[in-house]
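The chain contents come next:
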Amino acid sequence: MAKIQKNTFIEIKDLHAKTGEVNILEGVNLSISQGEVHAIMGPNGSGKSTLSKVIAGHPAYEVTKGNIFFKNNDIAHITPEDRAKLGIFLAFQYPVEIPGVNNIDFLRIAYNSKQEYLGSKTLDPLEFFEFISKKLDIIGMSSSFLSRNVNEGFSGGEKKRNEILQMAVLEPAFSILDETDSGLDIDALKNVANNINLLKNTDSSILLITHYQRLLDYVKPDFIHIMIDGKIIKTGDYSLALHLEQYGYDSLLTT
């Protein structure tokens, strides 16, 4: 199995992917190292969300060419469950509701499943309640979330905060946040962004996928990548987001 440099968490090489007969990713190359925050921006239909789902292993998408290396191993064809247990986390643009399953049971089962896979200690219900209570304190969420069914009847902001709670509990090595800012008012956006900043650390990496600069005003990325037509066409620092805000994506097609 091919290897990559030690501190690189994710290395995507010439990645092509399709859903059905439709090709969407047309040769994506991306490298994200430990402790870094990256952002991908692009217009609708550029392949941003598809990339996030392909990395996570969504079964609706087929990798037709290229590699996805995570912690030195090519994961392009392993199950989404194993990718999650290895430490890949995807916060969905549109989190789904799971009627009849309350948050604390869902989170404990997910946490223990990962722990078992890694050969680490699992937690019984009382131990897990103590563990998750500390996480709630860190991100400023009410314990009332725990007894509610997963995302059922949640507002848009509550769903996004619930995704951040999942991220806090699972402590992933690599988190993909797919348009976490979508549908949030300014107060909810600031809350979610603040929690992302609280969960950032030097041992893990984050990929933000967004249309707009506003999230990046609060969560400053180390690198910004522009995706158009299934490829990353430009990489830069935060100033690239400011350029897009002023001139739009068309300006990059002529530079």
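Above this note sits the structure.
Residues numbered from 1 in each chain as written. Predicted model: local features only at pLDDT ≥ 70, side-chain atom pairs only at ≥ 80, totals over all residues. Heavy atoms only, no water.

(A) Broad picture of the pattern of salt bridges. Scanning the entire structure with this criterion turns up 5 salt bridges. One salt bridge in this structure joins Glu-127 and Lys-121, with 3.1 Å as the shortest N-O distance. Its salt-bridge partner being Lys-135, residue Glu-171 comes within 2.6 Å of it at the nearest N-O pair. Here Lys-135 lies in helix H4 (residues 125–139) and Glu-171 lies in the loop between helix H6 (156–170) and strand S9 (174–178), a separation of 36 residues in the sequence. On the basis of relative accessibility, which here comes to 13%, the residue Lys-135 falls in the buried class. (Salt bridge = Lys/Arg side-chain N within 4 Å of Asp/Glu carboxyl O. Helix = DSSP H or I, 4+ residues; strand = E, 2+ residues; numbered from the N terminus. Buried < 20%, exposed > 50% of the residue type's maximum accessible area, 1.4 Å probe, protein only.)

(B) The arrangement of the packing of aromatic side chains in detail. Throughout the structure, instances matching the rule amount to 5 aromatic pairs. Ring plane angle 40 degrees and centroid distance 4.8 Å describe the contact between Tyr-111 and Phe-131, whose orientation is recorded as tilted. Residue Tyr-111 is found in helix H3 (residues 103–118), and its partner Phe-131 is found in helix H4; the two are separated by 20 residues along the sequence. Relative to Phe-154, the ring of Phe-145 lies with its centre 5.5 Å away and its plane at 90 degrees, an arrangement referred to as edge-to-face. Classification of Phe-154 as buried rests on a relative accessible area of 7%. Among the aromatic residues, those joined into a ring-pair cluster are Tyr-111, Phe-128 and Phe-131. Positioned above the aromatic ring of Phe-9, the side-chain terminus of Lys-71 is 6.0 Å from the ring centre. (Phe/Tyr/Trp six-rings, centres within 6.5 Å; stacked < 30°, edge-to-face > 60°. Lys NZ or Arg CZ within 6 Å of the ring centre and 35° of its normal.)

(C) Structural view of unusual backbone geometry. The backbone phi angle of Lys-71 is positive, close to 50 degrees, even though this residue is not glycine. For Asn-151, which is not glycine, the phi dihedral falls at a positive 65 degrees. Using a relative accessible area of 2% as the deciding quantity, one classes Asn-151 as buried.

(D) Broad picture of the sheet that holds strand S3 (residues 37–41). Read from one edge to the other, the open sheet built from 6 strands follows the order S6-S9-S10-S3-S11-S12, with strand pairing classed as mixed. With partners counted over all chains shown, the strands left at the sheet margins are strand S6 (88–91) and strand S12 (231–236), one partner each. Between one strand and the next, the sheet's axes are offset by a mean angle of 20 degrees, whatever the strand orientation. Across 5 bridges, S3 lies against strand S10 (residues 205–210) in parallel orientation. Residue pairing across strands places Met-41 opposite Thr-210, the latter belonging to S10. (Pairing = 2+ DSSP bridges. Axes fitted to C-alpha atoms, helices over the stretch in contact; angles between N-to-C directions.)

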